[in-house]
Structures are given as C-alpha cells and as structure tokens.
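Each chain is listed here by its residues.
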Amino acid sequence: MILLAFGVVFTAAQHLVAAIPLLRDRLKATTGERAYGPVFGLAAVAGILLIVIGWRSAGLVPVYDPPVWGRYANFLLTLIAFIFLGVFLFRGRMRQILRFPMALAAIFWAAGHLLANGDLAGIILFGGFLLYGVLHIVIGTLNGVRPSADVRGGHDLLSILGGIALYGIMAQLHGAVIGVPVVQLG
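Residues numbered from 1 in each chain as written. Predicted model: local features only at pLDDT ≥ 70, side-chain atom pairs only at ≥ 80, totals over all residues. Heavy atoms only, no water.

S.K.: Quick question: what am I supposed to make of the packing of helix α1 (residues 2-16) against helix α3 (residues 33-57) here?
M.R.: Remark: α1 packs on α3, axes separated minimally by 7 Å, with the N-to-C direction vectors making an angle of 155°. Overall, the two elements α1 and α3 adopt an arrangement that is roughly antiparallel. The two elements α1 and α3 meet at a crossing, and its hand is left-handed. Where α1 abuts α3, its residues Leu3, Leu4, Phe6, Gly7, Val8, Phe10, Thr11, Gln14 and His15 lie against Phe40, Ala43, Ala44, Gly47, Ile48, Leu50, Ile51, Ile53, Gly54 and Trp55. Classifying every residue of the contact of α1 with α3 gives 13 nonpolar, six polar and no charged. (Axes fitted to C-alpha atoms, helices over the stretch in contact; angles between N-to-C directions. Helix = DSSP H or I, 4+ residues; strand = E, 2+ residues; numbered from the N terminus. Parallel < 35°, antiparallel > 145°, perpendicular 65-115°, else oblique. Left-handed = near helix turned anticlockwise from the far one by under 90°. Contact = heavy atoms within 4.5 Å. Nonpolar A, V, L, I, M, F, W, Y, C, P; charged D, E, K, R; others polar.)

S.K.: Teacher, can you tell me more about the nonpolar core here?
M.R.: Soluble globular proteins tend to bury their nonpolar side chains together. Counting 15 residues, the largest nonpolar core has Leu4, Leu125 and Phe129 as its most contacted members. For this core, the secondary structure elements donating two or more residues are α1, α3, α6 (101-116) and α7 (120-142). With five residues, α7 is the single largest residue contributor to this core. With residues near it in sequence (within four places) discarded, leucine 125 still touches Leu4, Val8, Ile51, Trp55 and Trp109. (Core = buried A, V, L, I, M, F, W, Y, C linked by side-chain atoms within 4.5 Å. Buried < 20%, exposed > 50% of the residue type's maximum accessible area, 1.4 Å probe, protein only.)

In short, shape yes, function no, at least from these values alone.
This is the structure:
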C-alpha cells in the first residue's frame, strides 16, 4: 500500500505543478524549455508505473460495501471522464469552456471507482485522485490558469470521439494492465 500511496502522491504533486505557473516556469527554466516536456513525460510514466505496481501488489482490505448500483454508475462516470480526457487532448472550444478538463476527468473517474470499490487500495488510489482533481481546479483558478487560446475547428467532435475510443481501449486492456477485468463473462 505504501508504494501505491507514494505513486499517487508523486503523480498528483507532479501534475499540480501545472496549476502553479510560477513553479512550472521555474522548473522549465531549471530543466530547459526543450527538456521540460520529455522530463515531465518520463516522470508521469514513472508515477503511473508506481501506481500500477502498487495497486497490483496491494492486498484486499475491505473498508465499506459499495452500493449495488455503484458498478453501473462507474461505467457512466468513467465514460464521461474519458470524454473529458479527449477534451484535454484536443484543442476545441470545449477545452476553453471546461477550463480544467484533465482535473474533471480525474474527479469523474475517481468518483465512479469509489462507488464501485470499497477496499483500502481503492480509497488510496481513487480518493487521492479525487482530492488531486479538486485541488488542481482550486489552485489553478486561484492562479488564473487558462487553457491555450489556440482553438481548432473540428476538435470538439474529435474530443468526444477520441474519448470514447480511449474508453473502449481501456475497457479492453483493464484486465491485463490493472488485473481486474471490466466485465466478466460466464
């Protein structure tokens, strides 16, 4: 559980840098403008690997019984989260309207999973990301963070289609990557 908790804190802290322009700019100056993106990306992959390894090695420690309907709510909330992820990845008008689509994606994804899982590892992972998403929006708002003003035609549709496609891919890979199949047949 410690590895999982460390991975969540590491990943959340790394991504909160984007909500604090002064800190982000200082890190860019330290690493260099060209190196910042790849260094950030490698750190993000490392954080995700820590989370996956921590999750897969965590024992089942039940804490609460999720509601029967929680699993179905999770399907819907996670789909919405992936659509928000699509909005983050593309540069449509919806990105300007939502302002923090990645943080919203984390909130919807985490809330859905908290409704479907009642174990300690789930609380650490999904509760941590729910807290991260809320903090990102609050800190980003207080720091005046806005998405890039670059809006591209057709990207709103691409956001939705891309998010749905990513949802479908993750639904297929969930069992192999996370160790828990989304749907069990038979």
